[in-house]
Amino acid sequence: MSINYFSKTVALTTFLLFIGLSSSAQIYSEQTLPGSSGGQNTIVVKSVDIDNDGDQDLILGNEFQQNSVAFNLGNGDFVTGNNGFTTVLNDTEDIGLGDFDGDGDIDIIFINQGGFGHEYYENDGNGNFSVAGFLPATNGGAIAVGDVNNDGFLDVIIGNLNQVNFCMINNGDGSFTNETTARLPGTIKSTDYALLEDIDGDGDLDLFFANRDGNEILINNGTGVFEDQSAQRLPQGVNMDTRKACFGDVNNDGKPDLFLANVQFNSNEDPQNRLYINESNGFFTDLTASLLPQMLNQTTNAAFHDIDEDGSLDLFITNVLENPLQAFLNDGTGKFTLRTDDIISPPIMTGEAWGLAIADFNNDDFSDIYVASRTGFDAFLPGDPEGMVAVSTQNLLLSGDYLVFPNPVIDEVFLEHPTEFEITEVQIYTLAGQVAATPKVELIGAETSQLILENNLSTGLYLMQVKSRDGILVLKLKVD
């Protein structure tokens, strides 16, 4: 058995403090995560169990940097990798997830801007990827995944900038046929987000396109052919640049309502976010003035989530000017009140916030938040179920300050570290997040610790998590 050190730090700064909340809402405090050093320009993040180990991983789509997966170790600690993704530095704008080939695991499509081609990867079931096929090269901005023609297979809608959007029909084996001309109206707009939702309540998936130049609703006739009914169903008269949208029943009447996340990157656009209420069978009324406070911070993403567990959908939004993450509580009728200071403490430390994912990442049955930043650090906010967060600080540990030797080794690992570095626990994990070994630790010099393995490790890749009083260090180990 030989073990070679070849990777980097993944666990980083935590800022937590005591704070109470009078309501039953969770409190969220920031903990930055691997790959968030400021060099990674993340535009979109999605959460899914990509390696079939029972926890939620993160898929990161980056701007002119290699896309990556943050594999969850099962407790909300992550390690990043690409595991088969191209090294071409594309401008990724959106991510599509689904079992496209029907083999029981989640495959990935990265939608790229610029017309140089999208990335479509097949998952081997363990989070390793190979090219699954090719999609038409478009100036992409968005993707929506769903069975649009009710044949039991996941189809793909590709939203594009300054060209028609595409409808790709799954042939049943994960390959796609371009049926755009037969299924979509062919309008040319700039689409930044696409959603498949049963808007009119008839049992099939309709389409919503969030556009920079006028949003669209397309109604499905039941066979996957879509008709543009935007003029009849959407409120008109406001010039908007909508970058994201989300559906949710905010007034508990059983119909999906619509939130629009808007920006003002050109002077003639209204930056106010908007809330459209579904009055009947997918016909919407703009009730922004009565239901939303003023929102002018250039909103790039949004997600409905019941923060205070009162049975009504609350709201998180991300912004790029200031207030990167904001929280709004719903009074149960669809009226939202800004409560960021009560829900998120302290304010998160990140740059332009673009991506947003909400899931139970640390398996404590409470929701956590990941905010992806185009500049600066990504942010991880574990939710606290008691409305209080304990005092703790963990400093950033840089892998350049540590060395594993010798290379190779048989039964022992030696870690060279700064003076007075005190190890409290070491665990070696498989990439699936299972504990493979818990080495004993003996300090044999001021800057050297010996990690004694009690059992041999099989050939493959492992993660060694070293906890200390100063923070957490995660190193990859290769066993030949």
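Given the structure is predicted, the values throughout are model-derived calculations rather than measurements.

A. Just the overall build of the protein chain, in detail. Counting secondary structure elements, the protein chain contains four helices and 40 strands. In the protein chain, which comprises 480 residues, the proportion classed as buried is 55%. Long-range pairs, those at least 24 residues apart, make up 51% of the contacts in the protein chain between residues at least 6 apart in sequence. By element, 49% of the accessible surface of the protein chain is carried by carbon and sulfur atoms, the whole surface being about 18,400 Å².

B. Molecular detail of the sheet that holds strand β21 (residues 257-263). Strand order in this open sheet of four strands is β20-β21-β22-β23, and the pairing throughout is antiparallel. Two strands lie at the open edges of the sheet, namely β20 (241-248) and β23 (283-286), each paired on one side alone. Direction aside, the axes of adjacent strands within the sheet are offset by 30° on average. The sheet contact formed by strand β22 (residues 274-280) and β23 spans four bridges and is antiparallel. Directly across from tyrosine 276, in β23, lies its bridge partner aspartate 286.

C. Region of interest: the side chain of serine 68. One can find serine 68 in strand β6 (residues 68-72). Since its relative accessible area comes to 7%, serine 68 is described here as buried. When neighbours within four sequence positions are excluded, serine 68 is seen to be in contact with Gln40, Leu58, Ile59, Leu60, Asn62, Gly81 and Phe85.

D. Local environment of the pairing of β20. Across the eight residues of β20, eight count as buried, placing the element largely inside the fold. Bridge count between β20 and β21: seven bridges; the pairing is antiparallel. Looking at the pairing, phenylalanine 247 lines up with leucine 258 of β21.

E. Layout of the sheet that holds strand β33 (residues 403-405). Pairing is antiparallel across the open sheet formed by four strands, whose spatial order is β33-β34-β38-β37. One side of each edge strand has no neighbouring strand; the edge strands of this open sheet are β33 and β37 (440-445). Mean inter-strand twist for the sheet, computed between neighbouring axes without regard to direction, equals 25°.

F. Region of interest: the environment of glycine 334. Among the secondary structure elements, glycine 334 is positioned in the loop between β26 (325-330) and β27 (336-338). Accessibility expressed as a relative area gives 0% for glycine 334, which makes it buried. The residues touching glycine 334, leaving out its near neighbours within four places in the chain, are Val250, Asn251, Leu275 and Leu291.

The rules behind the values
Residues numbered from 1 in each chain as written. Predicted model: local features only at pLDDT ≥ 70, side-chain atom pairs only at ≥ 80, totals over all residues. Heavy atoms only, no water. Helix = DSSP H or I, 4+ residues; strand = E, 2+ residues; numbered from the N terminus. Buried < 20%, exposed > 50% of the residue type's maximum accessible area, 1.4 Å probe, protein only. Contact = heavy atoms within 4.5 Å. Areas by Shrake-Rupley, 256 points an atom, 1.4 Å probe, with all protein chains shown as cover. Pairing = 2+ DSSP bridges. Axes fitted to C-alpha atoms, helices over the stretch in contact; angles between N-to-C directions.

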